[in-house]
Amino acid sequence: MASKEPITHTGQKYSPDDYRKIRFETGPKLVNKNFAIDLIKEDPVVVCDQRTIWSSGGGPLGHPKIFINLSNNHVHDCQYSGRKFIMRKFYDPSQHGKSIDYKDYLVEMNQKEFGMAA
């Protein structure tokens, strides 16, 4: 008999007699279909005019403010959030996909951190 148990992104599926299934006696196994790697791919590249910029997680539950040097000709990732940054002179929409301006990014971070616009 085939089990209707959802399979996780790692392929985790318990056998019918596995003792770990006891966790799901009162409700179904919940599997998040939004995988982090897919969400990061969908996130637009932040296009910047400055060579050095900062990235923030936006508020107390975010990450510390870090500074990123964008002087090389490639996309630079924030090591905490995975947010992607590139200098405007290196940005190519056909290669890097959709983008937002760094000023819009700052507005977004200020709203998250302080509840206000830049």
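Coordinates for the structure precede this section.
Residues numbered from 1 in each chain as written. Predicted model: local features only at pLDDT ≥ 70, side-chain atom pairs only at ≥ 80, totals over all residues. Heavy atoms only, no water.

1. Brief notes about the overall build of the protein
If you tally the helices and strands in the protein, you get three helices and six strands. In the protein, the succession of helices and strands from N to C terminus is α-β-β-β-β-β-α-β-α. Relative to its length of 118 residues, the protein is extended, with a C-alpha radius of gyration of 20 Å against a globular reference of 13 Å. Considered along the principal axes of its C-alpha atoms, the protein spans approximately 60 × 35 × 20 Å. For the protein, the proportion of its 118 residues judged to be buried stands at 31%. If you sum the accessible surface of the protein, you get close to 8600 Å²; carbon and sulfur atoms cover 54% of it. If you average the places of the 17 positive and of the 14 negative side-chain charges in the protein, the two averages end up 1 Å apart. (Helix = DSSP H or I, 4+ residues; strand = E, 2+ residues; numbered from the N terminus. Rg over C-alpha atoms; globule rule 2.2 N^0.38 Å. Buried < 20%, exposed > 50% of the residue type's maximum accessible area, 1.4 Å probe, protein only. Areas by Shrake-Rupley, 256 points an atom, 1.4 Å probe, with all protein chains shown as cover. Lys, Arg positive; Asp, Glu negative; His and termini not counted. Charge placed at Lys NZ, Arg CZ, Asp CG, Glu CD.)

2. What to know about the sheet that holds strand β6 (residues 99–101)
Backbone hydrogen bonds are what pair the strands of a sheet, in a parallel or an antiparallel way. Sheet architecture is open: four strands sit in the order β4-β5-β1-β6, paired in mixed fashion. Edge strands, defined here as strands with exactly one partner in the open sheet, are β4 (76–77) and β6. Judged from the two bridges that link them, β4 and strand β5 (residues 84–87) form a sheet pairing that is antiparallel. What sits directly across from His-76, in β5, is Phe-85. With respect to the sheet, helix α3 (residues 102–114) is in contact with β1 (45–48), β5 and β6, its orientation differing from that of β6 by roughly 80°. (Pairing = 2+ DSSP bridges. Contact = heavy atoms within 4.5 Å. Axes fitted to C-alpha atoms, helices over the stretch in contact; angles between N-to-C directions.)

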